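Overview (structure and organization)
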Amino acid sequence: MSKNEIGTVQSPTNAGPTTTTSSIADQLEVLRKSLAMPHVPYTSGVHPVKAEDLVVYYDVEGEKYASRIDLGTAEEGDLEALASACQQATFGVNQADVLDESYRKAGKMDLTKFAARFDVVASGLIDNIGPDILQGQDADGNKKLRAEMYKLNVYGPGSFFKAHKDTPRGDNMIGSLVVVFPTSHTGGQLTLEHGGLNWTFDSAAELADPPRTPALAYAAFYSDVTHAVEPVLTGHRVTLTYNLFLVDESIRPAAGHRTIPAPERALEETLRTLLGDPAFLPAGGFLAYGLEHQYPMPPPPEVSWVNRKRQVPPSRLGPVLQMLKGCDARIRTVSQRLGLATHVKILYDSGENYDYDDEPGHDVLADDVLDTADVNESYGMSLKDEIERMGVILQRDSARAKELRDKKKYCGQDEDEDDNGENDGGKISPSAIPVHWVTKINTLNRVQSQYIAYGNDAAIQHVYGNAALFVHVPAVGVDIRAAVEGR
Ligand SMILES: O=C(O)CCC(=O)C(=O)O
Ligand SMILES: [Fe+2]
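Residues numbered from 1 in each chain as written. Chains lettered and ligands numbered in written order. Predicted model: local features only at pLDDT ≥ 70, side-chain atom pairs only at ≥ 80, totals over all residues. Heavy atoms only, no water.

An unreviewed UniProt entry lists the protein under the name Fe2OG dioxygenase domain-containing protein, with Mycena maculata as the source organism. Recorded under Sequence similarities (unreviewed entry), the UniProt text for the protein is reproduced unchanged: "Belongs to the iron/ascorbate-dependent oxidoreductase family." (UniProt positions renumbered as here; feature names shortened; annotations may be inferred.)

Right, here's the structure in full:
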């Protein structure tokens, strides 16, 4: 089954904005209807994990050493051993733990008795369920979902848990998460009820068909959802349960109380000064930085054609921005604090594949690796023109022009003293974006694409680009600059 998302499974039959809502009353009605949309108060699915995530170490009463079970490969005998190391599960009634096998029949292990290798954060599960459970509450970056492991449970044949709501453990508890290991069993479905609607999550069936190991089944639901575990018919159903909390990041002593290290402070101060200077990029532009660290770079994107239009997928460089390290990360952190957007982009020199004197190129900035597979110079296409068409042209500041001059010298090309590389013989487009290169671009994060070059024979050649960090500086007068200037 594909992931079942809160709020998206049931489609509204009686709601949806109308096109001719003229009065406030009409608008309020639309609002009401949208609030009355049936809402699915849980999210569930199957989550792939690493094989070692299925290992659990556990205590056995009277034994000095822990036992180990691999729940990806465990056989009945192994599972029976785990079950017999459990205590009888209780449930909460009026703040007391009650043992009643007519209400709940299952084995439990407290946190002090076992260690599970599965990590709800590192496995990505918490990130997977987060958006469904948070429903945009994290939009301002302040709210986060935190999962606290609670118990390990074993439901052998005939085990069940009748309908209940979980005992809230703290004001900020928002729900529960159940993770079901892929041990072979039937029955043990989780049934859920909320607002008069019912759902069933058959984790055993989800895990078995098609068999997807190593994987875990999971269900996360809000605290006000009544739920039950149907009787297990065969085999053992082994689960980890977690309490889910909504934590307010803004009151954590994180960013606010962090002592800003001197290099970061210095960077921030300089940037502020620059932004406050009306002569600095008055019409806006970029501050550009060579990347200090290496990151995984994507291959050229899969471009498709629909109705003769090139369909370029969204840039895959966004994730790199989340992984920046060291100095690269510092640039982004500081820029972000000043309200400036940072991007990882690819810089191409559109003249790089040519003798520079014949075809002086431009610096071309692209949002992703370029797909030049359709460029065939023997059909009269020019790689240079195509690159310039696929990106935006940047001006070359004096630092960049010098760098190119040095490179040319190094490569043994004739150097024209008058050509400072900046204006490419006056041919640079007036719309070229001004850039200040703060640190030199390098080839640590090089990307390559193929094209067909025209020579004596048409031949496959490569075109290279290099990733760098670009901080967008708005024009003087834009709010961000005004705000920064005012400090
Ligand atoms: O195992 C499940 O699916 C749910 C367990 C449960 O409801 C609980 O432990 O409170
Ligand atoms: Fe429960």
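Quick look at the packing of helix α5 (residues 262-276) against helix α7 (residues 326-337)
Two elements in contact, α5 and α7, have axes whose closest approach is 10 Å; the angle formed by their N-to-C orientations is 50 degrees. Put simply, α5 runs oblique to α7. Regarding α5 and α7, the two cross each other, and that crossing is right-handed. Along its contact with α5, which presents Pro 263, Glu 264, Leu 267, Glu 268 and Leu 271, the element α7 presents Arg 330, Ile 331, Thr 333, Val 334, Ser 335 and Arg 337. Across the contact of α5 with α7, the residue classes break down as five nonpolar, two polar and four charged. (Axes fitted to C-alpha atoms, helices over the stretch in contact; angles between N-to-C directions. Helix = DSSP H or I, 4+ residues; strand = E, 2+ residues; numbered from the N terminus. Parallel < 35°, antiparallel > 145°, perpendicular 65-115°, else oblique. Left-handed = near helix turned anticlockwise from the far one by under 90°. Contact = heavy atoms within 4.5 Å. Nonpolar A, V, L, I, M, F, W, Y, C, P; charged D, E, K, R; others polar.)

Notes on helix α3 (residues 125-134)
Counting buried residues along α3, seven of its ten residues qualify, which places the element largely inside the surrounding structure. Regarding α3, the residues found buried are Leu 125, Ile 126, Ile 129, Gly 130, Asp 132, Ile 133 and Leu 134. Where α3 is buried, its residues touch β1 (42-48), β10 (143-155), β12 (173-180), β16 (215-222) and β19 (237-248). Gln 135 sits one or two residues past α3 and shows a positive phi near 50 degrees. (Buried < 20%, exposed > 50% of the residue type's maximum accessible area, 1.4 Å probe, protein only.)

Side note on the nonpolar core
The tendency in soluble globular proteins is for nonpolar side chains to be buried side by side. Phe 118, Ile 129, Leu 177, Val 179 and Leu 244 are the most contacted members of the largest nonpolar core, which totals 50 residues. No other element matches β16, which puts eight residues into this core. Look past the residues within four positions of Ile 129 in its chain and what remains in contact with it is Thr 43, Leu 145, Leu 177, Tyr 218, Ala 220 and Leu 244. Counting 39 residues, the second-largest nonpolar core is a separate cluster that includes Tyr 295, Ala 329, Ile 387 and Ile 393. (Core = buried A, V, L, I, M, F, W, Y, C linked by side-chain atoms within 4.5 Å.)

Remarks on the site of ligand 1
Taken together, Arg 104, Tyr 155, Phe 161, His 164, Asp 166, Val 178, Leu 190, His 227, Val 229, Arg 237, Thr 239 and Thr 241 form the complete shell of residues around ligand 1. Within the side chain of Asp 166, an N or O atom sits 3.0 Å from an oxygen atom of ligand 1. Residue His 227 places a side-chain N or O atom 2.9 Å away from an oxygen atom belonging to ligand 1. When the free accessible area of ligand 1 is taken as 290 Å², the share hidden by the protein chains comes to 92%. Put simply, ligand 1 lies in the largest pocket. Every element with two or more residues in the shell around ligand 1 is listed here: β11 (160-164), β17 (226-229) and β19. Considering every element that reaches the shell around ligand 1, the biggest residue donor is β19, with three residues. Per-class residue counts for the shell around ligand 1 are five nonpolar, four polar and three charged. (Near = heavy atom within 4 Å. Polar contact = N/O pair within 3.5 Å; in protein donor to acceptor, adjacent residues only side chain to side chain. Areas by Shrake-Rupley, 256 points an atom, 1.4 Å probe, with all protein chains shown as cover. 1 Å grid on protein atoms, 1.4 Å probe; cavity = no way out; pocket = protein on both sides within 12 Å on 5 of 7 lines; lining within 4 Å. Sits in = over half its atoms within 2 Å of the grid points.)

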